[in-house]
Amino acid sequence: MIALVTGASSGIGRDIARSLAKHGINVIITARRRDRLIELKHELIEKYGVKVMCIAADLSKQNQVFKLYDAVKKYNIDIFINNAGFGVFGEFTETNLERELDMIDVNIKAFHILFKLFTRDFKKRDCGYILNTASSAGFIPGPFFSSYYASKSYIIRMTQAVAEELRGTGVHVSMLCPGPVATEFGETARVKFRTIPYSSEKLAEHAVREMFAGKQMICENAFSKAMVILGKFVPERVMAFGVRLFQSQRERV
């Protein structure tokens, strides 16, 4: 089997690539930082003896998204980990618009393009696994993280809809909905977590196991499960107020 993992230079993507390699699965890893990819490639080959290919790509650039797909489609990918993404923290009237547009290009446009192209390929072959990295944040409104929360909501609804369309086929579509995870996310968003983040390594192992089990929504712990439940039963205005209070106390970096 062969897997493609986007956003593989750090955090969840890197650890999912490690988990897949541990299971003997060959991987194609992609991200912007080629040096990080090469380091990971050497690690996976030395530890697990799998085949690894690195492709440096900036998925905020639409032409590079299509170029990535064109470069890997000949390998008949079996598993697609649609993981690339980042967040922008701050009050909506004050956050940098260009930065937000780059985030939308990665979190929504690149996600959508690759999801569609690989879903088409998998449907033709009537087999394959797709794991989209969403977030428990996608189930609730997110003051001070408004565009990020909204982008993850897009991923959740798209995954749910497409999974239903493909129900009964050999294509398995899952979404990972974690809470705070120990990655470089906070550094990129320029904010510190106020809760203890969950282990990225443990999350990756759990995600891969649940994906192969065919589970559609994957939550790794009580916190993320609670966020999903709150999003269903607590009035949205109340949730927005609570999130605003919580996020306003974050320390910027």
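All values reported here derive from a predicted model rather than from experimental measurement. (Residues numbered from 1 in each chain as written. Predicted model: local features only at pLDDT ≥ 70, side-chain atom pairs only at ≥ 80, totals over all residues. Heavy atoms only, no water.)

Visitor: So what exactly am I meant to see when it comes to the state of the cysteines here?
Guide: Put plainly, a disulfide is one covalent bond tying together the sulfur atoms of two cysteines. A full pass over the atoms with the stated rule returns zero disulfides. Free cysteine: Cys177, not disulfide-bonded; nearest cysteine sulfur from Cys219 at 5.1 Å. (Disulfide = S-S within 2.5 Å.)

Visitor: I would appreciate a short explanation of the packing of helix H1 (residues 11–22) against helix H7 (residues 200–212) in the present structure.
Guide: Two measures define how a pair of helices packs: the angle their axes make with one another and the distance between the axes. For the pair H1 and H7, the least separation of the axes is 8 Å and the interaxial angle reads 55°. The pairing of H1 with H7 is recorded here as oblique in orientation. For the pair H1 and H7, the crossing hand works out as right-handed. Side by side, H1 and H7 meet where Gly11, Ile12, Asp15, Ile16, Ser19, Leu20 and Lys22 of the first sit next to Ser200, Glu201, Leu203, Ala204, Glu205, Val208 and Phe212 of the second. A class-by-class count of the residues in the contact of H1 with H7 yields seven nonpolar, three polar and four charged. (Axes fitted to C-alpha atoms, helices over the stretch in contact; angles between N-to-C directions. Helix = DSSP H or I, 4+ residues; strand = E, 2+ residues; numbered from the N terminus. Parallel < 35°, antiparallel > 145°, perpendicular 65-115°, else oblique. Left-handed = near helix turned anticlockwise from the far one by under 90°. Contact = heavy atoms within 4.5 Å. Nonpolar A, V, L, I, M, F, W, Y, C, P; charged D, E, K, R; others polar.)

Visitor: Explain the pattern of salt bridges here, please?
Guide: Applying the stated criterion across every chain yields a total of eleven salt bridges. In this structure, the salt-bridge partner of Asp70 is Lys73, at a minimum N-O distance of 3.6 Å. With a relative accessible area of 41%, Lys73 lands in the partly exposed category. Note that Glu164 and Arg167 form a salt bridge whose closest N and O atoms lie 2.6 Å from each other. Judged by its relative accessible area of 45%, Glu164 falls in the partly exposed class. (Salt bridge = Lys/Arg side-chain N within 4 Å of Asp/Glu carboxyl O. Buried < 20%, exposed > 50% of the residue type's maximum accessible area, 1.4 Å probe, protein only.)

Visitor: Teacher, can you tell me more about the packing of aromatic side chains here?
Guide: For any two aromatic rings, the description comes down to two numbers: the centre-to-centre distance and the angle of the planes. This structure, assessed with the given rule, holds eleven aromatic pairs. A centroid spacing of 6.2 Å and a plane angle of 85° characterise the contact between Phe111 and Tyr154, whose relative ring orientation is edge-to-face. One end of the pair, Phe111, is in helix H4 (residues 97–125); the other, Tyr154, is in helix H5 (residues 146–165), with 43 residues separating them in the sequence. Residue classification places Tyr154 among the partly exposed residues on the basis of a relative accessible area of 28%. Pairing Phe118 with Phe122 gives two aromatic rings, centres 6.3 Å apart and planes at 55°, and the pair type is tilted. On the criterion of helical spacing, the pair formed by Phe118 and Phe122 is a turn pair, its members being four residues apart in helix H4. No difference in accessibility class separates Phe118 from Phe122, as the two residues are buried. (Phe/Tyr/Trp six-rings, centres within 6.5 Å; stacked < 30°, edge-to-face > 60°.)

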